[in-house]
Amino acid sequence: MPPEEFRKYGHQLVDWVADYLQNVERYPVLPNILPGDIRRSLPVSPPQEGESMGSILADVDRLIMPGMTHWNHPRFHAYFNSSASSPGILAELLSAALNGNAMVWQSGPAVTELEEVTVDWLRQMLGLPADFWGMILDTASTSTLHAIVAARESLTDLKTREQGLTGRTDVPRLRLYTSEFAHSSVEKAATTLGLGLDGVCKIPVDEQFRMRPEALAEAITEDRRKGMRPFCVVATVGTTSCTSIDPIPAIADICEREGLWLHVDAAYGGTAAIIPEMRSILAGCERADSFVVNPHKWMFVPVDLSILYTRKPNTLRRAFSLVPEYLRTAHDDVVRNLMDYGVPLGRRFRALKLWFVLRYFGVTGLANRLREHLRITQVFKGWVESHPDFELLAPVHFGAVCFRVHPRGVDDELHLEVLNENLLNAVNGTRDMFLSHTKLGTKYTLRMVIGHLRTEEIHVKKAWEVILQELKRIRA
Ligand SMILES: *Cc1c(COP(=O)(O)O)cnc(C)c1O
């Protein structure tokens with residue numbers, strides 16, 4: 001592409017993005033399509049000859065936009081939302097332009113060192129101890145996988161790195177403990193790492209959906225009695241279903257006593273610790289061996305960017321470092337080559353978007369926006385609580401409200417499930433907002449998540465109106 005053409009279409013695309021961000025509310029949050037529609041609108045085979053940038057960009061509007069679920073819409077209240085802030089978007093452009101790749105320090109000195117610096121800035125912002133070393137990975141699922149590899153590697157007598165786990169009679173079943181409300185990535189890691197689903201022991205929760213430490217201690221004792229080898233506990237600050245917070249200090253006591261690796265999954269909830277008065281949610285995390293937080297969830301950094309912190313980077317290194325001749329450099333003794341700490345060799349310049357976002361908003365700016373989300377969430381919670389046909393189903397710790405319709409006199413769980421599922425489908429069917437659901441015990445639960453950069457109280461008010469209007473409609 002000649003430079004003049006790049007300039008022309010670059011400006012055009014930046015204008016397109018600016019218009020999109022300014023007018024995102026004009027789009028429905030959810031697209032009006034059926035599975036296969038987008039695919040059918042695209043050619044089945046690739047173009048033989050190159051096409052013009054003009055026609056490619058035109059097809060973005062014509063073929064791609066109709067199939068987008070708009071994560072950048074202020075009434076996206078499903079899952080845990082994610083915001084691409086403008087400074088984050090600009091950093092992504094620059095990152096692609098520079099195409100930096102921090103396999104080793106030499107292949108990306110600024111990529112490596114900016115990562116070290118920004119990850120340490122965030123550590124300070126969350127009040128984590130100075131001996132927490134961090135690195136950037138794509139997702140929390142990958143971060144947790146790496147944490148569990150390190151936990152396994154910490155069992156040095158097993159020599160897993162050299163001998164693996166299969167075909168051996170000298171390795172007992174390894175056991176990992178997590179709550180029944182932990183994210184599915186914990187079990188995925190277990191299947192990936194040869195621990196198997198049978199290697200995961202799911203500890204029951206209390207009435208507030210928190211791991212029960214006494215049940216954890218009992219399970220460990222019982223497993224040891226059966227000849228299994230407990231090695232790791234994954235606790236959560238802000239569970240995906242309902243944002244519950246496991247009792248980290250009590251779990252850390254058990255891990256220390258039993259000699260187990262403690263990994264804390266704070267993918268969503270950890271961000272709240274940027275607000276000084278919320279720091280206490282991470283109490284006990286300073287005793288963890290590893291900790292994950294996702295700036296791409298509630299810190300206005302576009303997907304993907306997850307950070308894995310650990311107090312034992314050398315254990316990660318022992319698990320992963322394999323240096324072929326062609327990657328040896330003259331600096332290896334004095335620098336950190338990030339390829340040594342994980343699965344990926346190539347590592348794109350993700351730190352740039354974290355740097356842009358942290359600098360553009362500042363610590364205070366981020367804290368103020370998060371605080372406002374917490375405030376609006378409490379407003380929404382108040383509407384749920386004061387409405388006779390609704391009920392709150394879990395404590396509200398962060399920017400998520402678990403609730404359901406529960407009309408007076410209707411107490412049959414199956415009936416309530418159908419009613420709430422119908423309400424969810426009706427609300428999402430308006431395409432004017434996006435909610436998701438979960439199950440808390442036997443209760444079908446609606447989740448209203450408020451954490452998008454562009455979400456204000458008026459959007460949440462509108463969402464509540466849509467919910468009430470659709471409830472009225474389906475009951476009529
Ligand atoms: C979202 C979430 C994850 C997974 O995040 P990805 O980055 O999408 O892999 C893990 N744990 C918790 C608690 C989460 O909320």
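Residues numbered from 1 in each chain as written. Predicted model: local features only at pLDDT ≥ 70, side-chain atom pairs only at ≥ 80, totals over all residues. Heavy atoms only, no water.

**Examining the sheet that holds strand E7 (residues 306–310)**
Stage number 1. Overall, mixed pairing links the seven strands, which are arranged E1-E7-E6-E5-E4-E2-E3 in an open sheet. If you trace the sheet from one side to the other, it starts and ends with strand E1 (133–137) and strand E3 (200–203), each paired once. This sheet shows a mean twist of 20 degrees between the axes of neighbouring strands, independent of strand direction.
Stage number 2. As paired strands, strand E2 (residues 174–179) and strand E4 (residues 229–236) are joined by five bridges and run parallel to one another. Its bridge partner lying in E4, Leu-176 is registered against Cys-232.
Stage number 3. Helix H6 (residues 140–153) contacts E1, E2, E4, strand E5 (261–265), strand E6 (290–293) and E7 of the sheet and is inclined by roughly 20 degrees relative to E7. (Pairing = 2+ DSSP bridges. Helix = DSSP H or I, 4+ residues; strand = E, 2+ residues; numbered from the N terminus. Axes fitted to C-alpha atoms, helices over the stretch in contact; angles between N-to-C directions. Contact = heavy atoms within 4.5 Å.)

**A word on the pairing of E4**
Stage number 1. In terms of residue burial, E4 counts as a mostly covered element, since seven of its eight residues are buried.
Stage number 2. As paired elements, E4 and E5 share five bridges and run parallel to each other. For Val-233, the partnering residue across the bridge sits in E5 and is Leu-262.
Stage number 3. On the question of chirality, the crossover connecting E4 to the parallel E5 by way of helix H10 (residues 248–258) is right-handed. (Buried < 20%, exposed > 50% of the residue type's maximum accessible area, 1.4 Å probe, protein only. Right-handed = clockwise from strand over helix to strand, strands pointing away.)

**Some points on the pairing of E1**
Stage number 1. E1 sits mainly inside the fold: five of its five residues count as buried.
Stage number 2. As judged from the five bridges shared by E1 and E7, these two strands associate in the antiparallel manner. Paired with Ile-136 across the bridge in E7 is Ile-307.

**Section: the packing of helix H1 (residues 3–23) against helix H3 (residues 53–64)**
Stage number 1. Contact pair H1 / H3: the axes reach a minimum separation of 11 Å and the direction vectors enclose 15 degrees. With respect to each other, H1 and H3 are oriented roughly parallel. H3 is crossed by H1, and the crossing has right-handed handedness. Of the residues in H3, those touching H1 at Glu-5, Tyr-9, Gln-12, Leu-13 and Trp-16 are Met-53, Gly-54, Leu-57, Val-60 and Asp-61.
Stage number 2. Taken together, the residues of the contact of H1 with H3 break down into six nonpolar, two polar and two charged. (Parallel < 35°, antiparallel > 145°, perpendicular 65-115°, else oblique. Left-handed = near helix turned anticlockwise from the far one by under 90°. Nonpolar A, V, L, I, M, F, W, Y, C, P; charged D, E, K, R; others polar.)

**Digging into the site of the ligand**
Stage number 1. The environment of the ligand is made up of 14 residues, and the closest members are Ala-140, Ser-141, Asp-265, Asn-294 and Lys-297.
Stage number 2. Ser-141 places a side-chain nitrogen or oxygen 2.5 Å from an oxygen atom of the ligand.
Stage number 3. Here an oxygen atom of the ligand and a side-chain polar atom of Lys-297 are 2.9 Å apart.
Stage number 4. In isolation the ligand offers 390 Å² of accessible surface; the protein chains occlude 87% of this area.
Stage number 5. Looking at the shell around the ligand, the elements with two or more residues in it are H6 and helix H11 (295–298).
Stage number 6. Looking at the shell around the ligand residue by residue, the classes come out as three nonpolar, nine polar and two charged. (Near = heavy atom within 4 Å. Polar contact = N/O pair within 3.5 Å; in protein donor to acceptor, adjacent residues only side chain to side chain. Areas by Shrake-Rupley, 256 points an atom, 1.4 Å probe, with all protein chains shown as cover.)

**Re helix H12 (residues 313–320)**
The α-helix winds at 3.6 residues per turn, so residues separated by three or four positions along the chain end up facing the same way.
Stage number 1. Residues of H12 that are buried: Pro-313, Thr-315, Leu-316, Ala-319 and Phe-320. Viewed along the axis of H12, the buried residues span an arc of 160 degrees, placing them on a single side of the element. (Arc of directions from axis to C-beta.)

**Some points on the environment of Val-460**
Stage number 1. The residue Val-460 is located in helix H15 (residues 457–475) in this model.
Stage number 2. Assessed through its relative accessible area of 0%, Val-460 is described here as buried.
Stage number 3. Distance from Val-460 to Pro-172, taken between C-alpha atoms, is 52 Å for residues 288 residues apart in sequence.
Stage number 4. Filtering out sequence-adjacent residues up to four positions away, Val-460 remains in contact with His-77, Ile-376, Phe-380, Trp-383, Met-448, Ile-450 and Thr-455.

**What to know about the domain arrangement of the chain**
Stage number 1. In terms of domain boundaries, the chain breaks down into domain 1 (3–77), domain 2 (100–348) and domain 3 (363–475).
Stage number 2. Relative to domain 2, the C-alpha centre of domain 1 lies at a distance of 36 Å. (Domains from an automatic or database assignment.)

**Observations concerning a nonpolar patch on the surface**
Stage number 1. Together, Val-14, Leu-90 and Leu-93 give the surface a local cluster of nonpolar side chains, amounting to about 270 Å² of exposed area.
Stage number 2. Following the sequence through the fold, Val-14 ends up in helix H1.
Stage number 3. Here Val-14 falls in the partly exposed class, since its relative accessible area comes to 41%. (Patch = residues over 30% accessible without salt bridge, like charges linked within 9 Å, V, L, I, M, F, W, Y side chains within 5 Å. Salt bridge = Lys/Arg side-chain N within 4 Å of Asp/Glu carboxyl O.)

**Quick word on the packing of H6 against H12**
Stage number 1. Where H6 contacts H12, the axes come no closer than 9 Å and their chain directions differ by 90 degrees. Between H6 and H12, the crossing angle belongs to the class labelled roughly perpendicular. Here His-146, Val-149, Ala-150 and Glu-153 of H6 lie close against H12, whose contacting residues are Thr-315, Leu-316, Arg-318, Ala-319 and Phe-320.
Stage number 2. Across the contact of H6 with H12, the residue classes break down as five nonpolar, two polar and two charged.

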